[in-house]
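What follows is each chain in one-letter form.
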Amino acid sequence: MSRTDEQREQKKQLRLRQEEERVEKLCEFEKQYPDCELICGVDEVGRGPLAGPVVAGAVILPKGVRILHINDSKKLTEKRRNELFEVIDKMAVRWSVASASPKRIDEINILQADYEAMRKAIRRLGVTPDLILADAVTIPKINIRQTGIIHGDALVQSIAAASIMAKVTRDRYMTAVDKLYPEYSFASNKGYGTAAHIAALKKYGPCPIHRMTFIGKFIGEHD
């Protein structure tokens, strides 16, 4: 091995150790609950868009598993999220996603729709977790021990995993629905209020997946 190759290998090993240390820190919260066998991370995506559902993820990972490169889904590239989606799918004890539709968001407001999607995702696991770790919130109407962790999707491995499963699921849905409503460019903006999306909304009006309570200032107040 040449000196250049040796240096390159040393840097590679250093990066690997640093990544392993970073991921180990993401498991500190789980380590605080040695009595809990099934720890479920919960997170949601899609609170802010003008269109599309809010989607919640729930993931139970095996105790002791470490997933390199895992992070808050917003901090990852689309390619990395898709790669990690497949890894989590294979490694998880159980995982599920659930959504609340734009109509439901309009009916009960975005926060309550978040909670509803989270409860649905937890029920879909098919097992009852010993503990729920949720990103920033305490989920009401859940008779399971739980802890809300501020910025949990960036601090806790299982919550980051839930964030990824929810984000990839929602993005794939918005990409698919783009074929039905191409004028809004949902494949690229995923329903968020980009300048092009808002311009299309003003030109064409809302489509069936727009959240009417979110777009009043663009098309006139919602009744």
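Everything here concerns the structure above.
To start, this report covers the structure provided alongside it. What you see is a predicted model; the values in this text were computed from it and never measured.

## Things to note about the overall build of the chain
Step number 1: When you go through the chain residue by residue, the secondary structure sums to ten helices and five strands.
Step number 2: Overall, the chain is about 65 × 50 × 25 Å in size when its C-alpha atoms are taken along their principal axes.
Step number 3: Scored against the burial criterion, the 223 residues of the chain give a buried share of 48%.
Step number 4: At a minimum sequence separation of 6, the contacts of the chain that also span at least 24 residues come to 66%.
Step number 5: Only carbon and sulfur atoms are counted for the fraction: they give 52% of the accessible area of the chain, which is about 11600 Å².
Step number 6: When the 36 basic and 30 acidic side-chain charges of the chain are each reduced to a single mean position, those positions are 2 Å apart.

## Topic: the side chain of aspartate 178
Step number 1: The residue aspartate 178 is located in the loop between α7 (157-177) and α8 (186-189) in this model.
Step number 2: Of the buried charged residues, aspartate 178 lacks a salt bridge, with lysine 179 as the closest side chain of opposite charge at 6.2 Å.
Step number 3: When neighbours within four sequence positions are excluded, aspartate 178 is seen to be in contact with Ser185, Phe186 and Ala187.

## Here we look at the pattern of salt bridges
Step number 1: Counted according to the given criterion, the structure contains 15 salt bridges.
Step number 2: Note that arginine 81 and aspartate 171 form a salt bridge whose closest N and O atoms lie 3.6 Å from each other. Here aspartate 171 lies in helix α7 and arginine 81 lies in helix α3 (residues 78-91), a separation of 90 residues in the sequence. Residue arginine 81 shares its accessibility class with aspartate 171, and that shared class is buried.
Step number 3: Each member of the salt-bridge network shares a partner with another, and the members are Glu24, Glu28, Lys31 and Arg66.

## Let's talk about the side chain of arginine 170
Step number 1: In this fold, arginine 170 is placed in helix α7.
Step number 2: One buried charged residue, arginine 170, remains without a salt bridge, the closest side chain of opposite sign being aspartate 171 at 5.0 Å.
Step number 3: Here the side chain of arginine 170 touches alanine 51 through a polar contact of 2.8 Å, landing on its backbone oxygen.

## Details of the sheet that holds strand β5 (residues 146-149)
Step number 1: Spatially, five strands are ordered β3-β2-β1-β4-β5 in an open sheet, and the strand pairing comes out mixed. The open sheet has two free edges, formed respectively by β3 (94-100) and β5, since each of these has just one partner strand. Across the sheet, the axes of successive neighbouring strands diverge by a mean angle of 20 degrees, strand direction being ignored.
Step number 2: Contacts from α7 reach β1 (39-45), β2 (54-60), β3, β4 (131-135) and β5 within the one sheet, and its direction differs from that of β1 by about 40 degrees.

## Things to note about helix α5 (residues 110-123)
Residues separated by three or four positions in an α-helix point in the same direction, a consequence of the helix having 3.6 residues per turn.
Step number 1: Between its first and last C-alpha atoms α5 spans 20 Å; for 14 residues at 1.5 Å apiece the expected length is 20 Å, and the two agree.
Step number 2: Burial in α5 covers these residues: Ile110, Ala113, Asp114, Tyr115, Ala117, Met118, Arg119, Ala121 and Ile122.
Step number 3: For α5, the capping residue at the N-terminal end is asparagine 109, with a side-chain oxygen 3.1 Å from the backbone nitrogen of leucine 111.

## Quick notes on the packing of aromatic side chains
Step number 1: Using the criterion set out here, one finds three aromatic pairs in the structure.
Step number 2: On the basis of an interplanar angle of 75 degrees and a centroid distance of 5.5 Å, the ring pair of phenylalanine 85 and tryptophan 95 is categorised as edge-to-face. Of this pair, phenylalanine 85 sits in helix α3 while tryptophan 95 is found in strand β3, placing the two residues ten residues apart along the sequence.
Step number 3: Of the residues examined, tryptophan 95 reaches a relative accessible area of 26% and is grouped as partly exposed.
Step number 4: Aromatic pair tyrosine 184 and tyrosine 204: ring centres 6.4 Å apart, planes at 75 degrees, arrangement edge-to-face. Within this pair, whereas tyrosine 184 is found in the loop between α7 and α8, its partner tyrosine 204 is found in helix α9 (residues 195-204), the two being separated by 20 residues in sequence.
Step number 5: Take tyrosine 184: its relative accessible area is 2%, and that puts it in the buried class.
Step number 6: These aromatic residues form a ring-pair network of at least three members: Tyr184, Phe186 and Tyr204.
Step number 7: If you follow arginine 172 out to its NZ or CZ, it ends over the ring of phenylalanine 85, 4.6 Å from the centre.

## Some words on the nonpolar core
Step number 1: Formed by 23 residues in total, the largest nonpolar core has its most connected members in Cys40, Val42, Ala58, Ile122, Ile132 and Ile139.
Step number 2: Those elements that provide at least two residues to this core are β1, β2, β3, α5 and β4.
Step number 3: Examining the composition of this core, we find that seven residues originate from one element, α5, more than from any other.
Step number 4: Filtering out sequence-adjacent residues up to four positions away, cysteine 40 remains in contact with Ala58, Val59, Ile60, Leu125, Pro129, Leu131, Ile132, Leu133 and Ser158.
Step number 5: Membership of the second largest hydrophobic core comes to 21 residues, among which are Ile67, Phe85, Ile88 and Ala162.

Cut-offs and rules
Residues numbered from 1 in each chain as written. Predicted model: local features only at pLDDT ≥ 70, side-chain atom pairs only at ≥ 80, totals over all residues. Heavy atoms only, no water. Helix = DSSP H or I, 4+ residues; strand = E, 2+ residues; numbered from the N terminus. Buried < 20%, exposed > 50% of the residue type's maximum accessible area, 1.4 Å probe, protein only. Contact = heavy atoms within 4.5 Å. Areas by Shrake-Rupley, 256 points an atom, 1.4 Å probe, with all protein chains shown as cover. Lys, Arg positive; Asp, Glu negative; His and termini not counted. Charge placed at Lys NZ, Arg CZ, Asp CG, Glu CD. Salt bridge = Lys/Arg side-chain N within 4 Å of Asp/Glu carboxyl O. Polar contact = N/O pair within 3.5 Å; in protein donor to acceptor, adjacent residues only side chain to side chain. Pairing = 2+ DSSP bridges. Axes fitted to C-alpha atoms, helices over the stretch in contact; angles between N-to-C directions. Expected span 1.5 Å × (residues − 1). Phe/Tyr/Trp six-rings, centres within 6.5 Å; stacked < 30°, edge-to-face > 60°. Lys NZ or Arg CZ within 6 Å of the ring centre and 35° of its normal. Core = buried A, V, L, I, M, F, W, Y, C linked by side-chain atoms within 4.5 Å.

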